[in-house]
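Residue-level listing of the chains:
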Amino acid sequence: MIKVGIIGLGAIGQRLIPLFSNHQETKIVAICDTLEERVQETSSQLESVLTFTNHLEMLENTELDLVYVTVPPKYHYSVVTDVIAKGINVLCEKPLANSTEEALGLYTQAKEKGIFHAMNFPLNYNVGSKSFASLIKSGYVGDLRRIELKMRFPNWPRLWQQNEWVATKEQGGYVLEVGVHYIQQIQKIFGNMKVGTKHMQYPADPLASENGIIAFLELEDGTPVIIDGLSQIAGEEEIKFTAYGSKGTLSLVNWANLEGGKIGEPIQQIEADQTLADSLIDHLVKALKGEEATIIDFSEGYKAQVVLEALRG
Ligand SMILES: NC(=O)c1ccc[n+]([C@@H]2O[C@H](COP(=O)([O-])OP(=O)(O)OC[C@H]3O[C@@H](n4cnc5c(N)ncnc54)[C@H](O)[C@@H]3O)[C@@H](O)[C@H]2O)c1
């Protein structure tokens, strides 16, 4: 049984709790949040779990095989550094850190300590996004001509993620929160990219995150990648990730839905390949048992951070 500790019990920490609890080979043995009431509320839903409001006390006093860090981005560096220093395996939320230097620091420390390091980038485990990657690999769009990431948010922050940091320039904004998922996917599927020109738009409040972005990036072979985002607008939320190629067009819409068509044909819904259904926790368990697994490690987190910071900076 893999003994798991969780640091950070907010919106996202809560999402993974049932997944760790329901898995036959993982057990949540300790939880930590600086907010005592969150710790109490969460512990009432778990069987015999140790509770902490200070992560150093948790790391000091608990036998752990894996720590899941899901605190706001600004605190990833300090908290993950403490986990690595204890020599405990770590799963960190995206983005890896809050600057390129911090991300490189975490990757280097983890490598030197020889611990297992992984990140939660869910698009690597979802049926829709895995089907997108698999169709690209099988040549559905032909030779790649352009990649586009379109993000539209009527409200930022989104109604389900209201907190004090996600709409700040310091550690929030949708390029960081949402864009980084697709930056990681683009680099995994199509290879590394570089930021060329970018135009960020901000509201009047100097502390607030962007409300618009148009950026032009390039893959190593020069293929253009366009990131086009707007928030505080009329209409519906939409996140559309599209690959245009010599034979056709393929999009992943709102994280999970596939649509596409061959040149000369209309765009239609495409059924995702259900046989690709997957689970982060299964892969973590396999990796910790020394078996082959799909893991997005800190080196990939760092590569995504380099692009993210070139956009944010
Ligand atoms: N993988 C995904 O799909 C996904 C989606 C959204 C957000 N995220 C990431 O998940 C992380 C958490 O986001 P969230 O929306 O849950 O934020 P949140 O603000 O709702 O929760 C963060 C929690 O961490 C606690 N915390 C802060 N500092 C702490 C510390 N030093 N020790 C212990 N607890 C501490 C806060 O009290 C809070 O309860 C962020 O890095 C975010 O970017 C991931």
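Residues numbered from 1 in each chain as written. Predicted model: local features only at pLDDT ≥ 70, side-chain atom pairs only at ≥ 80, totals over all residues. Heavy atoms only, no water.

## Brief notes about the site of the ligand
Reasoning step 1: In the region of the ligand, 27 residues are neighbours, and Ile12, Asp33, Arg38, His76 and Glu177 sit closest.
Reasoning step 2: A distance of 2.8 Å is found between an oxygen atom of the ligand and a side-chain nitrogen or oxygen belonging to His76.
Reasoning step 3: Here an oxygen atom of the ligand sits 2.9 Å away from a polar atom, N or O, in the side chain of Trp165.
Reasoning step 4: Contact with the protein chains removes 91% of the 850 Å² of surface that the ligand exposes when unbound.
Reasoning step 5: Looking at the shell around the ligand residue by residue, the classes come out as 13 nonpolar, 9 polar and 5 charged. (Near = heavy atom within 4 Å. Polar contact = N/O pair within 3.5 Å; in protein donor to acceptor, adjacent residues only side chain to side chain. Areas by Shrake-Rupley, 256 points an atom, 1.4 Å probe, with all protein chains shown as cover. Nonpolar A, V, L, I, M, F, W, Y, C, P; charged D, E, K, R; others polar.)

## With respect to the packing of aromatic side chains
One pair of aromatic rings is described through two measures. These are the centre distance and the angle between the planes.
Reasoning step 1: What the rule picks out here adds up to 7 aromatic pairs.
Reasoning step 2: For the ring pair Phe153 and Trp156, a centre distance of 5.0 Å and an interplane angle of 65 degrees mean the geometry is edge-to-face.
Reasoning step 3: Connected via pairs of aromatic rings, a cluster forms that spans Phe132, Tyr182, Phe241 and Trp255.
Reasoning step 4: Positioned above the aromatic ring of Trp160 is the side chain of Arg15, whose terminal nitrogen or guanidinium carbon lies 4.7 Å from the ring centre.
Reasoning step 5: Across the ring face of Tyr140, the terminal group of Lys262 is positioned such that the distance to the ring centre comes to 4.1 Å. (Phe/Tyr/Trp six-rings, centres within 6.5 Å; stacked < 30°, edge-to-face > 60°. Lys NZ or Arg CZ within 6 Å of the ring centre and 35° of its normal.)

## Let's talk about the side chain of Arg312
Reasoning step 1: Along the chain, the position of Arg312 falls in helix H9 (residues 298-312).
Reasoning step 2: Relative accessible area serves as the criterion here: at 16%, Arg312 is assigned to the buried category.
Reasoning step 3: Only 2.9 Å separates the side chain of Arg312 from the backbone oxygen of Glu170, close enough to count as a polar contact.
Reasoning step 4: Here Glu309 takes part through its side chain, which lies 3.0 Å from a polar atom of the side chain of Arg312. (Helix = DSSP H or I, 4+ residues; strand = E, 2+ residues; numbered from the N terminus. Buried < 20%, exposed > 50% of the residue type's maximum accessible area, 1.4 Å probe, protein only.)

## Side note on the UniProt feature "domain: GFO/IDH/MocA-like oxidoreductase" (unreviewed entry) in the protein chain
Reasoning step 1: UniProt's feature table lists "domain: GFO/IDH/MocA-like oxidoreductase" (unreviewed entry) at residues 134-250, given in the numbering used throughout.
Reasoning step 2: Helix makes up 18% of residues 134-250 and strand 39%, whereas the separation of the span's terminal C-alpha atoms amounts to 11 Å. (UniProt positions renumbered as here; feature names shortened; annotations may be inferred.)

## Structural notes on unusual backbone geometry
Reasoning step 1: Backbone torsion omega between Lys94 and Pro95 reads -15 degrees, so that peptide bond is classified as cis.
Reasoning step 2: Inspection of the secondary structure puts Pro95 in the loop between strand E5 (89-93) and helix H5 (100-113).
Reasoning step 3: Omega for the bond connecting Trp156 with Pro157 falls within 30 degrees of zero, at 5 degrees, which places this linkage in the cis form.
Reasoning step 4: Its location among the elements puts Pro157 in the loop between strand E7 (144-153) and helix H7 (174-190).
Reasoning step 5: In this structure, Ser48 takes a positive phi of about 35 degrees despite not being glycine.
Reasoning step 6: For Ser48, the location among the structural elements is in the loop between helix H2 (36-43) and strand E3 (50-52).

## What about the domain arrangement of the protein chain?
Reasoning step 1: You can read the domains of the protein chain as domain 1 (2-123 + 279-297) and domain 2 (126-276).
Reasoning step 2: Domain 1 and domain 2 are separated by 27 Å when their C-alpha centres are compared.
Reasoning step 3: Opposite the 13 residues of domain 1 that make contact, domain 2 presents 17 residues.
Reasoning step 4: Of the roughly 1500 Å² buried where domain 1 meets domain 2, counting both sides, 62% is carbon and sulfur surface.
Reasoning step 5: When the buried area of domain 1 at its contact with domain 2 is split by residue, Lys94, Phe121 and Leu123 rank highest and sum to 44% of it.
Reasoning step 6: Inspection of the domain 1/domain 2 interface yields 2 salt bridges. (Domains from an automatic or database assignment. Contact = heavy atoms within 4.5 Å. Buried area = accessible area lost by both parts, 1.4 Å probe. Salt bridge = Lys/Arg side-chain N within 4 Å of Asp/Glu carboxyl O.)

## Considerations on the sheet that holds strand E9 (residues 212-219)
Reasoning step 1: Read across the open sheet, the 8 strands follow the order E8-E9-E10-E7-E11-E12-E13-E14; overall the sheet is mixed. This sheet does not close on itself; its edge strands, each paired only once, are strand E8 (193-201) and strand E14 (268-270). Between one strand axis and the next, the sheet turns by 20 degrees as a mean value, whatever way the strands run.
Reasoning step 2: Sheet analysis places strand E12 (residues 248-253) next to strand E13 (residues 257-262), joined by 6 bridges and oriented antiparallel. (Pairing = 2+ DSSP bridges. Axes fitted to C-alpha atoms, helices over the stretch in contact; angles between N-to-C directions.)

## Observations concerning H7
Reasoning step 1: Between its first and last C-alpha, H7 extends 22 Å over 17 residues, near the 24 Å set by a 1.5 Å rise per residue.
Reasoning step 2: The principal kink in H7, of about 40 degrees, is found at Val180.
Reasoning step 3: Within H7, 15 of the 17 residues are buried, leaving the element largely enclosed by the surrounding structure.
Reasoning step 4: Count one or two residues on from H7 and you reach Gly191, which has phi positive near 105 degrees. (Expected span 1.5 Å × (residues − 1). Bend = angle between axes of the 7 residues up to and from the residue.)

## With respect to the environment of Pro18
Reasoning step 1: Tracing the backbone through its elements, the reader meets Pro18 in helix H1 (residues 11-22).
Reasoning step 2: Pro18 gets classed as partly exposed once you look at its relative accessible area, which sits at 36%.

## Notes on the environment of Gly313
Reasoning step 1: With respect to the secondary-structure elements, Gly313 resides in the segment after H9.
Reasoning step 2: Its relative accessible area of 76% is what places Gly313 among the exposed residues.
Reasoning step 3: When the C-alpha atoms of Gly313 and Leu123 are compared, they prove to be 25 Å apart, with 190 residues separating the residues in sequence.

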